[in-house]
Amino acid sequence: MKLLYRIYQLLIALPLGIVATIITALTVVIGCTLGNGHFWGYYPGRWWSKVILWLLFIPVKVQGRQNLEKNQSYVFVANHQGAFDIFLIYGHLGRNFKWMMKQSLRKLPFVGWACEKSHQIFVDKRGASKIKKTYDDARRTLKGGTSVTVFPEGSRSFTGHMGTFKKGAFALADELQLPVVPLTINGSFCIMPRMRDGKFVNWHPLSLTIHQPIYPEGQGPENVQTTMNQAYDAIMSALDTEFQGYVENPDQ
C-alpha cells in the first residue's frame, strides 16, 4: 500500500498539485490587482489548501470552532510541526486572516508572488527598520479587522515537540488589546517532518484544536508573559501524548 501511495503521489498528486498551485497563485495575483484583496487574498488559498489535502487523501478533524466570535479579529498562535500546518490552518480554520511568515518564503515560485500581492506579512529581521515594518504591517492588518496567524516558535520543530515561544505576537496582541487564540496541530510532523522536506508524504490524519480565546487582563510586560504562558499550556494540553513535554530544537 505504501508503494502504491508513493506512485500515486509521483504520477497524479504531484502534477495536479503543481497545476493547482500555479492556478491559485495567478488567481490571487489577478484578483488582488483588480480589487477586493480581502476576498482574493484568502479564499483561493483556502480552497487550494483543501485541494492539496484532498489529493493526498489526508483526513482532517477540527474541534473548537464554536470558540470564535463573528467579526472579532484575533491573534492566532499555533505549534509548528511541519509543512502541512499551512494546509491545515489555511484550509480548515474557517477565518479570514493574514499569515506572518518568513521573509525567505517570498522567493518561492508563484507562491511568494501571490503572498506578496495578497499582503501577507513577511517577518524581516534584517535590521531595526525591517523589523519595525513587519510589526507596522501586522498592526495595520489587525486594526483593519483581519486576524493574523503566527507560529511563535519561529520555525518548524525537528522533533514534533514544541520549542520555546517568542514574544512578538503576544506583545502585538497586548498593544492592541486583542484576544489570543491558541491552536494545537497534530499529525503534521508524521506527514512530513522538517528533515524530510522534498520527499514522499506519509499518510496520516491531521487535527486542529481551536482553544478558548485568551483575553487581555491588563496591559504591559506582565500581561504579555501571562498570555504567552497560557497559550503555551493550552497548545501543549491537546498535543498527542508522544509529543507532550518540552524538547529543545537545534535552531532555537
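We now turn to the structure provided with this report. Keep in mind that what you see is a predicted model, and the values were worked out from it rather than measured.

Quick notes on the rules
All residue numbers refer to positions counted from 1 along the written sequence of the respective chain. In keeping with the model being predicted, local features are shown solely for residues with a pLDDT of at least 70 and side-chain atom pairs are shown and tallied solely at 80 or more, while totals for entire chains, interfaces and linings include all residues. Note that water and hydrogens are dropped before the side-chain values are worked out from all heavy atoms of the structure. Pairing between strands is defined by DSSP: at least two bridges between the two strands are required. By definition, any uninterrupted DSSP run of H or I lasting at least four residues is a helix, any uninterrupted run of E lasting at least two residues is a strand, and each is numbered from the N terminus. All axes are obtained by fitting lines to C-alpha atoms, using only the stretch in contact for helices, and the reported angles, taken between N-to-C directions, cover 0 to 180 degrees. Definitions used throughout: a 1 Å grid over protein atoms alone; a cavity as a set of points that fits a 1.4 Å probe which cannot get out; a pocket as an open set with protein on both sides within 12 Å along at least five of seven lines; a lining residue as one with an atom within 4 Å of a point. Grid points are joined across faces, edges and corners, and a volume is the space filled by probe spheres set on the points. Throughout this entry, Asp, Glu, Lys and Arg are counted as charged residues, while Ala, Val, Leu, Ile, Met, Phe, Trp, Tyr, Cys and Pro are counted as nonpolar. The remaining residues, Gly among them, count as polar. A patch consists of residues whose relative accessible area exceeds 30% and which take part in no salt bridge; residues with like charges are grouped when within 9 Å of each other, and nonpolar side chains (Val, Leu, Ile, Met, Phe, Trp, Tyr) when within 5 Å. Here the accessible surface of atoms and residues is derived via Shrake-Rupley with a 1.4 Å probe, and residues count as covered only by protein chains that are part of the display. Salt bridges are defined as contacts in which a side-chain nitrogen from Lys or Arg sits within 4 Å of a carboxyl oxygen from Asp or Glu. For this analysis, a nonpolar core means a set of buried residues of the types Ala, Val, Leu, Ile, Met, Phe, Trp, Tyr and Cys, connected via side-chain atoms within 4.5 Å. The classification of residues rests on relative accessible area computed with a 1.4 Å probe and restricted to protein chains. Under 20% of the type maximum is buried, over 50% is exposed, and intermediate values are partly exposed. Here a residue-residue contact requires only that any non-hydrogen atoms of the pair lie within 4.5 Å. Here is how to tell: hold the view so the strands point away, follow the path from the first strand over the helix to the second, and if it runs clockwise the crossover is right-handed. Multiplying one less than the number of residues by 1.5 Å gives the expected span of a helix. Relevant arc is that of directions from the helix axis to the C-beta atoms, nothing else.

1. Structural notes on the sheet that holds strand β3 (residues 97–102)
Part 1 of the argument: An order of β1-β7-β6-β2-β5-β3-β4 is seen for the 7 strands of this open sheet, with the pairing classed as mixed. Looking at strand neighbours, the two that pair on one side only are β1 (60–63) and β4 (121–123), the edges of this open sheet. Adjacent strand axes in the sheet meet at a mean angle of 20° when their direction is disregarded.
Part 2 of the argument: Of the strand pairs in this sheet, strand β6 (residues 180–186) and strand β7 (residues 206–210) are connected by 4 bridges, and their pairing is antiparallel. Paired with Leu183 across the strands is Ile210, a residue of β7.

2. Observations regarding empty space enclosed by the protein
Part 1 of the argument: Counting across every chain of the model gives 1 cavity of 30 Å³ or more.
Part 2 of the argument: Taken as a whole, the largest cavity holds about 40 Å³ of empty space.
Part 3 of the argument: When contributions to the lining of the largest cavity are tallied by element, the ones reaching two or more residues are α7 (168–176) and α9 (221–237).
Part 4 of the argument: Among the residues forming the lining of the largest cavity, the class breakdown is 7 nonpolar, 2 polar and 1 charged.

3. Regarding a nonpolar patch on the surface
Part 1 of the argument: A contiguous nonpolar patch, built from Met1, Leu3, Leu4, Ile7, Leu10, Leu11, Ile12, Leu14, Leu16 and Ile18 and spanning about 1100 Å² of accessible area, is present on the exposed surface.
Part 2 of the argument: Its location among the elements puts Leu3 in helix α1 (residues 2–34).

4. A word on the nonpolar core
Part 1 of the argument: Judged by nonpolar contacts, the single largest core of 36 residues is most densely connected at Ile58, Phe84, Ile89 and Leu183.
Part 2 of the argument: Taken together, the elements giving at least two residues each to this core come down to α1, α3 (43–55), β2 (75–78), α4 (84–92), β3, β6 and β7.
Part 3 of the argument: With 5 residues, the top contributor of residues to this core is α4.
Part 4 of the argument: In this structure, Phe84 is in contact with Leu53, Leu56, Ile58, Ser188, Ile191, Met192, Val201 and Leu206, ignoring residues within four places of it in sequence.
Part 5 of the argument: Grouped together as the second largest cluster of nonpolar side chains are 25 residues, Met100, Ile121, Phe165 and Tyr232 included.

5. A look at the pairing of β7
Part 1 of the argument: The element β7 is largely enclosed, with a buried count of 5 among its 5 residues.
Part 2 of the argument: Every second residue of β7 is oriented toward a common face, with Leu206, Leu208 and Ile210 on one face and Ser207 and Thr209 on the other, all of them buried.
Part 3 of the argument: Pairing of β1 with β7 involves 4 bridges; the strand directions are parallel. Residue pairing across strands places Gln63 opposite Thr209, the latter belonging to β7.

6. Observations concerning the pairing of β3
Part 1 of the argument: Among the 6 residues in β3, 5 count as buried, and that is most of the element.
Part 2 of the argument: Note that the unit made of β3, helix α5 (residues 111–117) and β4 has a crossover that is right-handed.

7. Concerning α3
Part 1 of the argument: Over its 13 residues, α3 extends 18 Å from the first C-alpha to the last, a length consistent with the 18 Å expected when each residue adds 1.5 Å.
Part 2 of the argument: Among all positions of α3, only Pro44, Gly45, Trp48, Ser49, Ile52, Leu53 and Leu55 are buried. Buried residues along α3 cover an arc of 165° about the axis, so they all sit on one side.
Part 3 of the argument: Those residues of α3 hidden inside the fold are in contact with α1, α2 (37–40), β1, α4 and β7.
Part 4 of the argument: Immediately beyond the C-terminal end of α3, within one or two residues, lies Phe57, with a positive phi of roughly 60°.

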